[in-house]
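Structural overview for review
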Amino acid sequence: MAVSSTTGGLRTGVCLSTDRPQNPYNGQVVYETDTNRTLVWDNSAWVVVADPALVSFSGTGATVTADAMTVAGENVTPYTGRRNLLYNGAMQVWQRATSGTTTGADNYKTMDRWRNRTGSIGQSMTVSRQSAGLTGFQYCARIQRPSGGTDTGRLNLIQSLETSDVVRFAGQTVTLSFYARKGANFSGASNNLLTYLITGTGTDQYWLNIASGGNPLINGTTWTLTSSWQRFTASVFVPSTEESMFLDFSYDPTGTAGADDYYEITGIQLELGDKATPFEHRSYGEELALCQRYYEKSYDMGKNPSPTNDPNGSINVWPHTTTAYGIHIYAPFSVRKRTTPTVTMYDTATGTAGYFMETGFGLRSGQVIFIGETGFTLRNSVVLAGTGYINAHFIASAEL
Amino acid sequence: MYQIFSEENIGTLIYRVSDCAWIPPDPANTDYQEYLAWLEEGNVPEEWNPEEVI
């Protein structure tokens, strides 16, 4: 039933979308019973001010029912951050080295926050930084079985998250997304890349502790790789009790490795919600600072620990005593660490671990004491010659 | 293989021989967790001796 127009006061009426008031006044409001929309007359046209087909409200809050939210015509849904809860997902930060080979071990050798592990004793895997060749991404990581290798143990790439990050996922659906492609001689069974997302209880757990008795939310899901980049996604629900988590990409090589027995990966994102949104890019400086919570070096970024003849950026002091244990030098970290880190010092001349340099003499034995989240103290443990400066570089690791 | 050094005002320092790393006795440090596991296997660390180095 149409509402009669009037010239005074705010009056709201009901109508059909096909039978609105013929002579509305400026500001008149109507509710359409067939569309459930509310409209207002702006003195020239009807303007929709509420449409439940796009936005609805319930006792639990508002829901945007369209696939995207727009502001002034621009889709803003992919730009609302902070969404990616992983570290170094675009493979931007490589403090340790831009290429390295792990043999029969479980360690951090190359890109920040990503652990390498080989499945067999004596087996090798090489992780290297490569140009991505993918729009929007500068780098990818290449995970490779060295040419001629015959070990067929599983090769893992793992990121562990600390509890303060994991609790944000608890009791919610999360979505993993990443880009991957294979090399010409990729030997993974059926061209498959496997993914595991495993959670558990306990604070800041080492990944093997989580794997033992953990909750495999993604349990060896296989993705068939091609030579072209593909984006893969998976959504899972994280139980509310979970406190620890690790993500694992792996493949099971077969036969003898060819020259290009590898896969490449980048754009790894883990976010709340059941849809993969575009990858959330962070600036290099921001990503570096996030990674330095777990690992830091005093060397310039392009220098892998430990080069020779490199005093730049080192701890440096001209001591006024030569007494053993008499010189204490405090070295602060750039970023507070996750926990008190393990610290290794290197002399600046030969890059030998465990020593500092006394210029004019040579390598000197020292100790790292009073290690805290924000720094440590270096001291000499032998009598010095008093010939010159003390120089030392360091690395500090608080990885999971 | 580990070595330890103790001093009243410093406490106990743990030295990992394989990479010359100093490990703080912090339960949240994963290297310290590995050291504790190494002790549980029955291993015993040596005393850190500066005379063995330069």
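Structure shown above.
Notes on the structure in this doc start here. (Residues numbered from 1 in each chain as written. Chains lettered and ligands numbered in written order. Predicted model: local features only at pLDDT ≥ 70, side-chain atom pairs only at ≥ 80, totals over all residues. Heavy atoms only, no water.)

Describing the overall build of chain A
So the rule is basically this: Strands here mean DSSP runs of E at least two residues long; helices mean DSSP runs of H or I at least four residues long; both are numbered from the N terminus. What the globule rule says is 2.2 Å times the number of residues to the power 0.38, and the radius of gyration is computed from C-alpha atoms. Categorising residues by exposure relies on relative accessible area from a 1.4 Å probe, with only protein chains included: less than 20% of the type maximum marks a residue as buried, more than 50% marks it as exposed, and the intermediate range marks it as partly exposed. For every accessible area listed, the method is Shrake-Rupley and the probe measures 1.4 Å; residues are considered covered only by the protein chains on display. Just so you know, the count uses Lys and Arg for positive and Asp and Glu for negative, and it drops His and the chain ends. Charge positions come from single atoms, namely NZ of Lys, CZ of Arg, CG of Asp or CD of Glu.
Helix and strand counts for chain A stand at three helices and 28 strands. Scaling as 2.2 N^0.38, a compact globule of 400 residues should have a C-alpha radius of gyration of about 21 Å, whereas chain A reaches 29 Å, well beyond that. For chain A, the C-alpha atoms occupy an extent of roughly 100 × 60 × 40 Å along the three principal directions. Evaluated residue by residue, chain A yields a buried proportion of 50% over its 400 residues. By element, 50% of the accessible surface of chain A is carried by carbon and sulfur atoms, the whole surface being about 17000 Å². Side-chain charges of chain A comprise 28 positive and 32 negative groups, with the mean position of each set lying 4 Å from the other.

Considering the nonpolar core
All names here are of chain A. We count it as follows: Residues belong to a common nonpolar core when they are buried Ala, Val, Leu, Ile, Met, Phe, Trp, Tyr or Cys residues joined through side-chain atoms within 4.5 Å. We call two residues in contact when some of their heavy atoms are within 4.5 Å.
In this structure, Met91, Ile143, Phe178, Phe249, Tyr263, Ile265 and Ile268 are the most contacted members of the largest nonpolar core, which totals 41 residues. For phenylalanine 178, the contacting residues outside a window of four places in its chain are Leu193, Thr195, Trp223, Gln230, Arg231, Phe232, Phe249, Ile265, Thr266, Gly267 and Ile268. In terms of nonpolar packing, the next biggest core, distinct from the first, is built from 30 residues, Tyr299, Met345, Leu384 and Ile390 among them.

Details of the sheet that holds strand 15 (residues 172–182) of chain A
Residues and elements named next belong to chain A. Note the following rule: Strand pairing requires that DSSP identify at least two bridges connecting the strands. Throughout, an axis means a line fitted to C-alpha atoms (over the contacting stretch in the case of helices), and angles, computed between N-to-C directions, take values from 0 to 180 degrees.
As summarised here, the arrangement of the six strands in space is 9-12-13-20-15-18, forming an open sheet in which the pairing is antiparallel. The two strands at the open ends of the sheet, each matched to only one other strand, are strand 9 (99–103) and strand 18 (230–238). Direction aside, neighbouring strands of the sheet carry axes that sit 30° apart on average. Here strand 13 (residues 137–144) runs beside strand 20 (residues 262–272); their pairing, made up of four bridges, is antiparallel. If you follow glutamine 144 over to strand 20, its bridge partner there is tyrosine 262.

Description of the layout of surface pockets
Threshold: With a 1 Å grid spanning the protein atoms alone, the term cavity applies to any set of points in which a 1.4 Å probe fits but cannot get out, the term pocket to an open set with protein on both sides within 12 Å along at least five of seven lines, and the term lining residue to any residue with an atom within 4 Å of a point. Grid points are joined across faces, edges and corners, and a volume is the space filled by probe spheres set on the points. Note that Gly is not counted as nonpolar here; it falls among the polar residues with everything else outside the nonpolar set of Ala, Val, Leu, Ile, Met, Phe, Trp, Tyr, Cys and Pro and the charged set of Asp, Glu, Lys and Arg.
Looking at the largest pocket, its volume works out to about 730 Å³. As for the largest pocket, its lining consists of 25 residues, of which A:Arg96, A:Asn107, A:Tyr108, B:Arg16 and B:Asp19 are closest to the centre. Of all the secondary-structure elements, those providing two or more residues to the lining of the largest pocket are strand 10 (106–107), strand 24 (342–346) and strand 28 (390–397) of chain A together with helix 1 (30–40) of chain B. Among the elements that take part in the lining of the largest pocket, strand 24 of chain A stands out by supplying four residues, more than any other. Grouping the constituent residues of the lining of the largest pocket by class yields 10 nonpolar, six polar and nine charged.

Structural notes on the interface of chain B and chain A
Where we set the bar: By definition, the buried area sums, over both parts, the 1.4 Å-probe accessible area that each loses when the two are put together. A pair is scored as a salt bridge if a Lys or Arg side-chain nitrogen falls within 4 Å of a carboxyl oxygen belonging to Asp or Glu.
Contacts between chain B and chain A engage 23 residues on the former and 28 residues on the latter. Roughly 1900 Å² of surface becomes buried between chain B and chain A when both sides are summed, with 53% attributable to carbon and sulfur atoms. Counting across the interface, chain B meets chain A through one salt bridge. Across the pair A:Arg379 and B:Glu7 runs a salt bridge whose closest N-O atoms are separated by 2.9 Å.

Details of the pattern of salt bridges
Residue and element names in this part refer to chain A. Using the criterion set out here, one finds 22 salt bridges over all chains in the structure. A salt bridge links arginine 113 to glutamate 399, with the shortest nitrogen-to-oxygen separation between them at 2.4 Å. Highlighted residues: arginine 113 in the loop between strand 10 and strand 11 (115–118) and glutamate 399 in the segment after strand 28, separated in sequence by 286 residues. We note a salt bridge from arginine 282 to glutamate 280, for which the minimum N-O separation is 3.4 Å. Note on arginine 282: relative accessible area 9%, which makes it buried. A single salt-bridge network, built from bridges that share partners, covers Arg20, Glu32 and Arg37.

Such coordinate-based values are descriptive only and should not be taken to indicate function.
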